[in-house]
Amino acid sequence: MTRLLTGLELSVSSARMVQICRERHVWRLVGSVEVPFAPGTLDMSNRSRNIQEPEQFLHAIRGAMKKMNGKVGRVGLSLPSEIIKIAVHSWDELPRSAERIHEMIAWKEKSLLPFPVEKARTSFFRLNGMRPGKESLLVAVGSEEIIRDYEARLRSLRVEPEIVQPSAMNHLNFYSGHLPASGVHGFLGVLDDYFAFFVFEGKNLIFYRGKRKHPLPGRFLQEIAMTIQLYQDENPGKSIGTLYIQSQTPLPDDFHSELSRECDFQTDGLDETMIIADGSGLKNARLIASFASAIGAAQSLKES
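One structure accompanies this document, and this report is about it. (Residues numbered from 1 in each chain as written. Predicted model: local features only at pLDDT ≥ 70, side-chain atom pairs only at ≥ 80, totals over all residues. Heavy atoms only, no water.)

## A word on the pattern of salt bridges
Here is step 1: In the structure shown here, the tally under the stated rule is 20 salt bridges.
Here is step 2: The partner of Glu 135 in a salt bridge is Arg 126, and the shortest N-O contact between them spans 3.7 Å.
Here is step 3: We classify Glu 135 as partly exposed; its relative accessible area is 29%.
Here is step 4: Arg 126 sits in the partly exposed class, given a relative accessible area of 40%. (Salt bridge = Lys/Arg side-chain N within 4 Å of Asp/Glu carboxyl O. Buried < 20%, exposed > 50% of the residue type's maximum accessible area, 1.4 Å probe, protein only.)

As structure tokens, this is what we get:
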């Protein structure tokens, strides 16, 4: 029997849920649904619990579950990148103990956290070749209290959030296998209220910055251009060949042309229908793109 994997992305405005499966080395989108939250249901804060109206929250999640083709049990969960900080840190040497590494990450972030360091939840991914002579990690840091509240609400519906990651990481996860294996290239992931900018040299991450998305298109574009300039200032001699732009929501018609004026490299995009087959057979790239973070969350379960 084909194993269904479920992904759930939560944002301030809606819950996006998907079920996917892998058949003959090809991913297939079996089902997808977006259920809006009533206004005021969530408040995206990294200081205090986000779920302001628990019953409204649970009502939306139940609605999403009813529209899935298979039973919803274990899920990969995407939480808003606004509430889980992503950063890159380097040390001369890292201990072997994962517990000790988690402690080092939390203390590294101590002065920047809006909550006591003892109440931080951390995760990390080892990076190769980012800084010569250093051991580097891509880390995610969030409030244990906030994350546990989400987990507890979902468990009350018999939904087990097995892997929890920031939406920006799951969004990248969906596309990462189709990025070039060589050369210097960038990935700009645009979510509902956040953008994440990654630069890779081959398969190795060499730069990351993320920020809340400004509601004004002009300011949003300006902030992306400033982030790209920061990369160029920190990495002279490593010019980006192509910037891949993938957005969960439609971008302004002139976005690519306006960004090209600010940058000296070409922009491109990946075809979502070449990454996963839409169960409807319509090859709807825009539909798939809108669920990319939820799909990436589901894909994170494949090794668990």
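## So, empty space enclosed by the protein
Here is step 1: Overall, the coordinates contain two cavities of 30 Å³ or more when judged by the stated rule.
Here is step 2: Taken as a whole, the largest cavity spans an internal volume of roughly 80 Å³.
Here is step 3: Glu 9, Leu 10, Ser 11, Pro 80, Ser 81, Glu 82, Ser 167, Leu 191, Asp 192 and Asp 193 together form the lining of the largest cavity.
Here is step 4: In the lining of the largest cavity, the residues fall into three nonpolar, three polar and four charged.
Here is step 5: Here the second largest cavity is characterised by a volume of approximately 30 Å³.
Here is step 6: Lining the second largest cavity are Ala 168, His 171, Phe 187, Gly 189, Leu 191, Phe 195, Ala 196 and Phe 198. (1 Å grid on protein atoms, 1.4 Å probe; cavity = no way out; pocket = protein on both sides within 12 Å on 5 of 7 lines; lining within 4 Å. Points joined across faces, edges and corners; volume = space filled by probe spheres on them. Nonpolar A, V, L, I, M, F, W, Y, C, P; charged D, E, K, R; others polar.)

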